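# Geometric and topological summary
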Amino acid sequence: MSKRLFVAVKYNADQRFEGVYDFIKHNLRDEDIKWTDYQNLHFTLKFYGRTPGKLIKDINKILGKIAVSTPSFELNIDKLGLFGSQYKPRVIWTGMSEFEQMEAIANKIAEQSEALGFIIDRQNFIPHLTLGRIKGIKHKKYFQDVIKKARERVDFTFSISEFQLLESILTSDGPIYKVISTHKLQK
C-alpha cells in the first residue's frame, strides 16, 4: 500500500512567532484565507509523494545515515513573503535569508533518494513555513499594509536537532501529518 510521504523539519512556534502569526491572522480575518494550524508548521526537505510502503525501510536508512553525520544547528527566520504575484497572491509564508545548512540536508536526501527511483526536483530550494493559503483578497491595499507591518516584526531564531519522515493524509478539513520516523541530528 502506498503512502503520501515527505521529509520535514517540524517548527514549534514560540510566543514571538505566535504574536506575529496571530497579528496577521487577526488583521486578515475578513479575507478568504485557509490558515495553517500551529502543529502542522514545517519546513519541507523532500516531498516523495505517493510512495510504495516497501520503500519506507530504504528511505529510513538514507535518512538515518544523513542524520548521524549532520550536526544540530540554528537558523534565523527573517523573511515574510508571498507566492504568486503581488496582485494575485496564493500563499503567505515565512522563511530565511540564509539556509545553506538546511539546503545541504535537502540536497543529500534528494541525491541519495534518486537511487530508489525518486527524481531530483530541479526547482530552487526555498525553505518556508506556509502560514496561509489565499482563496481570495477583498481589500488588497489593506492586505499589503498588514503584510508590510508584519514583515517588520519577523526575526526568530530556532534550533534544528531532528527531521522526520511524515505521511500526509489529505482530508476535507486539511492535511493530517502522521510521523513515520524521527531522525536526530548530532549534538
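Parameters and conventions
- Residues numbered from 1 in each chain as written.
- Predicted model: local features only at pLDDT ≥ 70, side-chain atom pairs only at ≥ 80, totals over all residues.
- Heavy atoms only, no water.
- Helix = DSSP H or I, 4+ residues; strand = E, 2+ residues; numbered from the N terminus.
- Rg over C-alpha atoms; globule rule 2.2 N^0.38 Å.
- Buried < 20%, exposed > 50% of the residue type's maximum accessible area, 1.4 Å probe, protein only.
- Contact = heavy atoms within 4.5 Å.
- Areas by Shrake-Rupley, 256 points an atom, 1.4 Å probe, with all protein chains shown as cover.
- Lys, Arg positive; Asp, Glu negative; His and termini not counted.
- Charge placed at Lys NZ, Arg CZ, Asp CG, Glu CD.
- Pairing = 2+ DSSP bridges.
- Axes fitted to C-alpha atoms, helices over the stretch in contact; angles between N-to-C directions.
- Core = buried A, V, L, I, M, F, W, Y, C linked by side-chain atoms within 4.5 Å.
- Phe/Tyr/Trp six-rings, centres within 6.5 Å; stacked < 30°, edge-to-face > 60°.
- Lys NZ or Arg CZ within 6 Å of the ring centre and 35° of its normal.

## Let's talk about the overall build of the chain
Helix and strand counts for the chain stand at four helices and ten strands. Listing every helix and strand of the chain by position from the N terminus yields β-α-β-β-α-β-β-β-α-β-α-β-β-β. Taken over C-alpha atoms, the radius of gyration comes to 17 Å for the chain, in line with the 16 Å a tight globule of 187 residues would show. In terms of overall dimensions, the chain has C-alpha extents of about 50 × 35 × 30 Å along its principal axes. Residue burial in the chain is summarised as follows: out of 187 residues, 43% are buried. In the chain, the share of contacts with a sequence separation of at least 24, taken over all contacts with a separation of at least 6, comes to 78%. Accessible area for the chain stands at about 10,700 Å²; split by element, carbon and sulfur atoms hold 49% of it. The centroid of the 30 positive side-chain charges in the chain is displaced by 5 Å from the centroid of its 22 negative side-chain charges.

## So, the pairing of strand S7 (residues 128–136)
In terms of strand pairing, strand S2 (residues 32–35) meets S7 through four bridges, oriented antiparallel. Across the sheet, Lys34 pairs through a bridge with Arg133, a residue of S7. Here strand S6 (residues 89–95) pairs with S7 via five bridges, running antiparallel. Within S7, the position partnered with Ile92 by the bridge is Gly132.

## Remarks on the sheet that holds strand S1 (residues 2–10)
What the four strands build is an open sheet, ordered S3-S1-S9-S10; its pairing is antiparallel. Every other strand in the sheet has two partners, leaving strand S3 (42–52) and strand S10 (176–184) as the edge strands with one partner each. Each neighbouring strand pair of the sheet contributes to a mean axis angle of 25°, computed without reference to strand direction. One ladder, built from eight bridges, connects strand S9 (residues 162–169) with S10; its direction is antiparallel. Pairing of Glu162 across the sheet is with Lys184, part of S10. Sheet contacts for helix H2 (residues 56–68): S1, S3, S9 and S10; angle to S10, the most-contacted strand, approximately 50°. Against the sheet, helix H3 (residues 100–113) contacts S1, S3 and S9, and its axis sits at roughly 10° relative to S3.

## As for the nonpolar core
Among the nonpolar cores identified, the biggest contains 51 residues, and Leu45, Ile92, Met102 and Phe163 are the most heavily contacted of them. The element contributing the most residues to this core is H2, with six residues. Beyond its immediate stretch of four places on either side in the chain, Met102 contacts Val9, Phe43, Leu45, Phe73, Leu75, Met96, Phe125, Pro127, Phe158 and Ile160.

## Looking at the packing of aromatic side chains
Evaluated as defined, the whole model comprises twelve aromatic pairs. For the ring pair Phe17 and Tyr21, a centre distance of 5.8 Å and an interplane angle of 50° mean the geometry is tilted. With a gap of four residues between them, Phe17 and Tyr21 both fall in helix H1 (residues 15–27), about one helical turn apart. Side by side, Phe17 and Tyr21 carry an identical accessibility label, which is buried. Pairing Phe43 with Phe158 gives two aromatic rings, centres 5.4 Å apart and planes at 10°, and the pair type is stacked. In this pair, Phe43 is assigned in strand S3 and Phe158 in strand S8 (residues 156–160), connecting sequence segments 115 residues apart. What links up through ring pairs into an aromatic cluster is the set Tyr11, Phe17, Tyr21, Trp35, Tyr38, Phe43, Phe156 and Phe158. Taking the ring centre of Tyr21 as reference, the NZ or CZ of Lys25 above it sits at 4.9 Å.

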